[in-house]
Amino acid sequence: MLATFEHRYYGNSIPVEDYSTENLRFLRSEQVLFDLIELVDFLKREVMNDPNARVILHGVAQAGTLASWARQRFPNIIDGAWVSSAPVRATGAFPEFAEDVGELIREKASDQCYNRISQAFNGAQHALDAGRADRLSEMFNTCDPLSLENPLEVELFFYAMMLSLETAMVADGDIDNIGRVCDRLTSDEFSTGLEALSALLMNRYADVRECFDLSFDTFVQYLTDVDIDGEANRELGLRQSAYQTCTEFGAFPTTSSPDQPFGNRVTYDLFLAECQAAFGEFITKDLVYEAVRITNLHYGGDDPRSTNVLFTNGALDPLRHVSITEYQNLLSNARVTPREFTAADIVSIQDSDSEELLETKRMAAQYISTWLGPSINPVRK
């Protein structure tokens with residue numbers, strides 16, 4: 001039997017009348033795990049009529065995280081879990097994300113493209129430092145002039161540029177788009193990286209926005225919508241997932257590392273301000289730090305001491321930095337597949353699979369077969 005589980009506060013599983021901050025207090029990973037276990041118990045008793053049926057969980061990204069934690073917390077109910085790209089380690093800042101996007105650009109395109117992007121972001125920073133915010137406003141068609149007196153607006157400008165570029169590069173989940181985007185950025189028709197980036201973004205988003213809106217209120221408008229039927233909530237779960245990020249998991253993609261091409265203007269302060277605007281001033285840096293600490297304390301971070309869990313990640317997936325890539329315990333393991341991105345290993349075996357990817361998929365099948373096998377009783381009469 002194959003069944004899926006719907007996370008509380010998403011889809012149709014909504015236990016409250018709106019997504020006010022007060023009502024979101026029931027959105028905690030511990031409560032979600034109990035929801036999952038209740039479902040498993042119901043299926044075993046009422047659907048399969050077999051209280052001893054074996055249960056294997058599988059999930060990608062956050063669903064994988066919950067699957068691994070369910071096996072850790074309820075080993076008497078969950079027999080095994082295969083999790084792909086599962087972020088099990090909570091963290092505050094997540095500078096590794098920008099680092100890995102940079103390495104992905106090198107891998108799928110070229111050093112030339114990486115350097116061109118670095119030139120663009122550093123050129124934008126130098127223009128601001130020289131008091132030429134007007135030039136940037138014109139080049140990127142901002143709705144209002146970029147204000148140097150508003151630090152959050154400046155951070156938002158760089159974050160929006162980075163996010164827009166990354167979105168273009170992985171459109172439709174196809175990382176081969178990186179090469180096509182880089183062909184445009186490195187074209188000889190542009191004399192500077194900043195000109196190339198401006199032309200790329202203006203052309204790509206011309207049909208979806210009249211101008212580049214950098215107001216902080218616009219940035220957080222979807223996150224402040226408490227309506228259950230709000231488009232961003234119903235379809236994308238933006239407010240719900242943001243609440244979990246701000247109060248349990250963290251992982252804010254800053255550009256504090258020197259080993260990435262997106263400048264250094266996106267800091268922790270931007271994401272903390274986002275959390276406060278969406279949910280209240282009570283979300284302070286200390287609260288986020290404590291929330292991350294508690295999450296790792298409860299679940300073990302990158303050393304959960306769990307058995308019967310297989311952690312798989314792609315070597316090009318930034319989430320591997322908050323997942324488990326080296327782990328050996330009783331009937332547990334971890335594997336990183338070379339040259340693969342997020343969740344490549346969950347697709348059925350194909351002729352185009354590399355030998356390394358085939359090995360990962362076969363490993364998952366072997367572990368599941370082991371977990372589904374008969375119980376081993378070392379004491380026999």
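Residues numbered from 1 in each chain as written. Predicted model: local features only at pLDDT ≥ 70, side-chain atom pairs only at ≥ 80, totals over all residues. Heavy atoms only, no water.

- The protein chain has the name AGAP003639-PA-like protein in an unreviewed UniProt entry, where Anopheles sinensis is given as its organism.

**Thoughts on the state of the cysteines**
Each disulfide consists of a covalent bond between the sulfur atoms of two cysteine residues.
Link 1 in the chain: With the rule as written, the count across this model stands at three disulfides.
Link 2 in the chain: The disulfide partner of cysteine 113 is cysteine 182, and the gap between their sulfur atoms is 2.0 Å. Between cysteine 113 and cysteine 182, the S-S dihedral sits near -75°, and the bridge is therefore left-handed. Highlighted residues: cysteine 113 in helix H4 (residues 111-129) and cysteine 182 in helix H7 (residues 177-185), separated in sequence by 69 residues.
Link 3 in the chain: By relative accessible area, which is 3% here, cysteine 182 ends up buried.
Link 4 in the chain: With a sulfur-sulfur separation of 1.9 Å, cysteine 143 is cross-linked through a disulfide to cysteine 211. In this structure the cystine formed by cysteine 143 and cysteine 211 twists about its S-S bond by roughly 95°; its chirality is therefore right-handed. Taken together, the residues cysteine 143 in the loop between helix H5 (133-139) and helix H6 (151-169) and cysteine 211 in the loop between helix H8 (193-204) and helix H9 (216-219) connect sequence positions 68 residues apart.
Link 5 in the chain: A relative accessible area of 25% means that cysteine 211 is categorised as partly exposed.
Link 6 in the chain: Once the bonded cysteines of the protein chain are numbered in order along the sequence, the disulfide links fall as 1-3, 2-4, 5-6. (Disulfide = S-S within 2.5 Å. Helix = DSSP H or I, 4+ residues; strand = E, 2+ residues; numbered from the N terminus. Buried < 20%, exposed > 50% of the residue type's maximum accessible area, 1.4 Å probe, protein only.)

**Some details on the layout of surface pockets**
Link 1 in the chain: The volume enclosed by the second largest pocket comes to roughly 820 Å³.
Link 2 in the chain: Surrounding the second largest pocket, 27 residues form its lining, Ala3, Thr4, Ile56, Leu57 and His58 being those nearest its centre.
Link 3 in the chain: Residue assignment for the lining of the second largest pocket shows that the elements contributing at least two residues are helix H1 (29-47), strand E1 (56-60), helix H2 (62-73) and helix H14 (355-372).
Link 4 in the chain: In terms of residues, the lining of the second largest pocket owes the most to one element, H1, which gives five residues. (1 Å grid on protein atoms, 1.4 Å probe; cavity = no way out; pocket = protein on both sides within 12 Å on 5 of 7 lines; lining within 4 Å. Points joined across faces, edges and corners; volume = space filled by probe spheres on them.)

**Focus on the nonpolar core**
One broad rule of soluble globular proteins: the nonpolar side chains tend to lie buried together.
Link 1 in the chain: Ranked by size, the top nonpolar core spans 67 residues in total, and within it Ile105, Phe140, Phe157, Met161, Leu165 and Leu185 carry the most contacts.
Link 2 in the chain: Take this core: its biggest share by element is 10 residues, from H6.
Link 3 in the chain: Mapping this core onto the domain boundaries places at least three of its residues in each of domain 1 (21-91 + 301-372) and domain 2 (92-292). (Core = buried A, V, L, I, M, F, W, Y, C linked by side-chain atoms within 4.5 Å. Domains from an automatic or database assignment.)

**Concerning the packing of helix H3 (residues 96-108) against H4**
Link 1 in the chain: Where H3 meets H4, the axes come as close as 7 Å, and the angle between the chain directions of the two elements is 140°. For the element pair H3 / H4, the angle class is oblique. Between H3 and H4, the residues in contact are Gly102, Ile105 and Arg106 and Asp111, Cys113, Tyr114 and Ile117, respectively.
Link 2 in the chain: A breakdown of the residues in the contact of H3 with H4 according to their chemical character gives four nonpolar, one polar and two charged. (Axes fitted to C-alpha atoms, helices over the stretch in contact; angles between N-to-C directions. Parallel < 35°, antiparallel > 145°, perpendicular 65-115°, else oblique. Contact = heavy atoms within 4.5 Å. Nonpolar A, V, L, I, M, F, W, Y, C, P; charged D, E, K, R; others polar.)

**Things to note about H6**
Link 1 in the chain: Over its 19 residues, H6 runs 27 Å from end to end, which matches the ideal 27 Å to within 8%, given 1.5 Å per residue.
Link 2 in the chain: For H6, the tally of buried residues reaches 15 of 19 residues, placing the bulk of the element in the interior. (Expected span 1.5 Å × (residues − 1).)

**Quick look at the pattern of salt bridges**
Link 1 in the chain: Evaluation of the coordinates by the stated rule reveals 18 salt bridges.
Link 2 in the chain: A salt bridge links arginine 265 to aspartate 129; its shortest N-O distance comes to 3.0 Å. Of this pair, arginine 265 sits in the loop between strand E4 (250-252) and helix H12 (268-279) while aspartate 129 sits in helix H4, placing them 136 residues apart in sequence.
Link 3 in the chain: Assessed through its relative accessible area of 56%, aspartate 129 is described here as exposed. (Salt bridge = Lys/Arg side-chain N within 4 Å of Asp/Glu carboxyl O.)

**What to know about the side chain of threonine 186**
Link 1 in the chain: Structurally, threonine 186 can be placed in the loop between H7 and H8.
Link 2 in the chain: Of the polar contacts made by the side chain of threonine 186, one reaches the backbone oxygen of cysteine 182; its length is 2.7 Å.
Link 3 in the chain: Among all residues touching threonine 186, those that are not within four sequence positions of it are Gln112, Cys113 and Arg116. (Polar contact = N/O pair within 3.5 Å; in protein donor to acceptor, adjacent residues only side chain to side chain.)

**Focus: the pairing of strand E2 (residues 80-84)**
Link 1 in the chain: When you tally the buried positions in E2, you get five out of five residues, the bulk of the element.
Link 2 in the chain: The side-chain alternation of E2 yields two buried faces, one formed by Gly80, Trp82 and Ser84 and the other by Ala81 and Val83.
Link 3 in the chain: Pairing of E1 with E2 involves five bridges; the strand directions are parallel. Directly across from leucine 57, in E2, lies its bridge partner alanine 81.
Link 4 in the chain: Note that the unit made of E1, H2 and E2 has a crossover that is right-handed.
Link 5 in the chain: Strand direction decides the pairing type here: E2 and strand E5 (residues 309-314), joined by four bridges, are parallel. From the neighbouring strand, alanine 81 faces E5, where its bridge partner is valine 309. (Pairing = 2+ DSSP bridges. Right-handed = clockwise from strand over helix to strand, strands pointing away.)

**Things to note about the domain arrangement of the protein chain**
Link 1 in the chain: Looking at the protein chain, the domain boundaries give domain 1 (21-91 + 301-372) and domain 2 (92-292).
Link 2 in the chain: Here the C-alpha centre of domain 2 lies 30 Å away from the C-alpha centre of domain 1.
Link 3 in the chain: Taking both sides of the interface into account, the surface hidden between domain 1 and domain 2 amounts to around 1,900 Å²; carbon and sulfur atoms contribute 63%.
Link 4 in the chain: Counting across the domain 1 and domain 2 interface gives two salt bridges.
Link 5 in the chain: When the shortest N-O distance is used, the salt bridge between aspartate 100 and arginine 320 registers 2.2 Å.
Link 6 in the chain: Counting the contacts that link domain 1 with domain 2 gives nine residue pairs in polar contact (both at pLDDT 80 or more).
Link 7 in the chain: When residues of the side of domain 1 that touches domain 2 are traced back to their parent elements, those giving at least two are H1 and H2. (Buried area = accessible area lost by both parts, 1.4 Å probe.)

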